[in-house]
Amino acid sequence: MKVTAARFLGAAASPGAGPPPGPPEIAIAGRSNVGKSSLINALVGRRGLARTSRTPGRTRQLNFFLVNERFALVDLPGYGFAVGSEAERLSWGPLVETYLRERPTLRGVALVIDARRGIEAEEDELLAYLAALPLPALVIATKLDKLGRSGGQVALAALARRLGAQVPVIGFSAKNGDGKVELWRALGAWLAADALEGRRRLRDKSRRA
């Protein structure tokens, strides 16, 4: 996908807040230290669009980024190494769960993991939650450049065996761009399916009129 425009659209710090539903959205989820902001910046080719921090867990809200004026990438608060009071951390659960459960324009969730760590308990819980909704999900294994080519292939194969055919796995490196084309292809398929469904609804509506 060619990105011609990308901009910050808005944020949500409480359940149900944020920009009103409009274009289709794809959520980016993951631990606080897996490089979600770097991944978003690399995807859209805008170095400073999603702010990165040296201290994991600084993001306390949902951040919406509009791409090509057609769809939005939504950066969810990280988990695992969250910074803040216990009350703040507990408040993030309802914020994220309400968004995942009730946002009508959400089309899928890309779960970002560190390829060196693999899938842990929190990721298993999130994937099970998404399957129960149900929402499409895929796993992005980042920081492949730190494993080397053979090490990266071994890690991706292990993830594919662990997750099975229902959850695709895509290797990605924000440093050298590996996996960018494959990731856009997968996200584009979600958006294309949404567009086809929209056209079907319009045809059905015109036939009833």
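Look above for the structure.
Computed from a predicted structure; not experimentally measured.

**Here we look at the pattern of salt bridges**
Thinking step 1. Scanning the entire structure with this criterion turns up 11 salt bridges.
Thinking step 2. Note that Arg31 and Glu120 form a salt bridge whose closest N and O atoms lie 3.5 Å from each other. Separated by 89 residues along the polypeptide, Arg31 in the loop between β2 (25-30) and α1 (36-44) and Glu120 in the loop between β5 (106-114) and α3 (121-132) bring together distant segments of the chain.
Thinking step 3. According to the relative accessible area criterion, Arg31 is buried, its value standing at 6%.
Thinking step 4. Between Glu120 and Arg117 there is a salt bridge; the shortest N-O distance is 2.7 Å.
Thinking step 5. With relative accessibility at 37%, the residue Arg117 sits in the partly exposed group.
Thinking step 6. Residues participating in the shared-partner salt-bridge network are Arg31, Arg117, Glu120, Glu122 and Glu123.

**So, the sheet that holds strand β6 (residues 137-142)**
Thinking step 1. Within the open sheet, the 7 strands sit side by side as β1-β3-β4-β2-β5-β6-β7. Their pairing is mixed. The open sheet is flanked by β1 (6-12) and β7 (169-171), the only strands paired with a single partner. Strand-to-strand twist of the sheet, defined as the mean angle between neighbouring strand axes without regard to direction, takes the value 25°.
Thinking step 2. Sheet analysis places β6 next to β7, joined by 3 bridges and oriented parallel. Residue pairing across strands places Ile140 opposite Ile170, the latter belonging to β7.
Thinking step 3. Strands β2, β5 and β6 of the sheet are contacted by α3, whose axis makes an angle of about 165° with β5.
Thinking step 4. Helix-sheet contacts for helix α4 (residues 148-163) involve β5, β6 and β7, and the interaxial angle to β7 is about 165°.

**Regarding the environment of Lys143**
Thinking step 1. Relative to the helices and strands, Lys143 resides in the loop between β6 and α4.
Thinking step 2. C-alpha of Lys143 to C-alpha of Leu39: the two residues are 104 residues apart in sequence and 10.0 Å apart in space.

Thresholds applied
- Residues numbered from 1 in each chain as written.
- Predicted model: local features only at pLDDT ≥ 70, side-chain atom pairs only at ≥ 80, totals over all residues.
- Heavy atoms only, no water.
- Salt bridge = Lys/Arg side-chain N within 4 Å of Asp/Glu carboxyl O.
- Helix = DSSP H or I, 4+ residues; strand = E, 2+ residues; numbered from the N terminus.
- Buried < 20%, exposed > 50% of the residue type's maximum accessible area, 1.4 Å probe, protein only.
- Pairing = 2+ DSSP bridges.
- Axes fitted to C-alpha atoms, helices over the stretch in contact; angles between N-to-C directions.
- Contact = heavy atoms within 4.5 Å.

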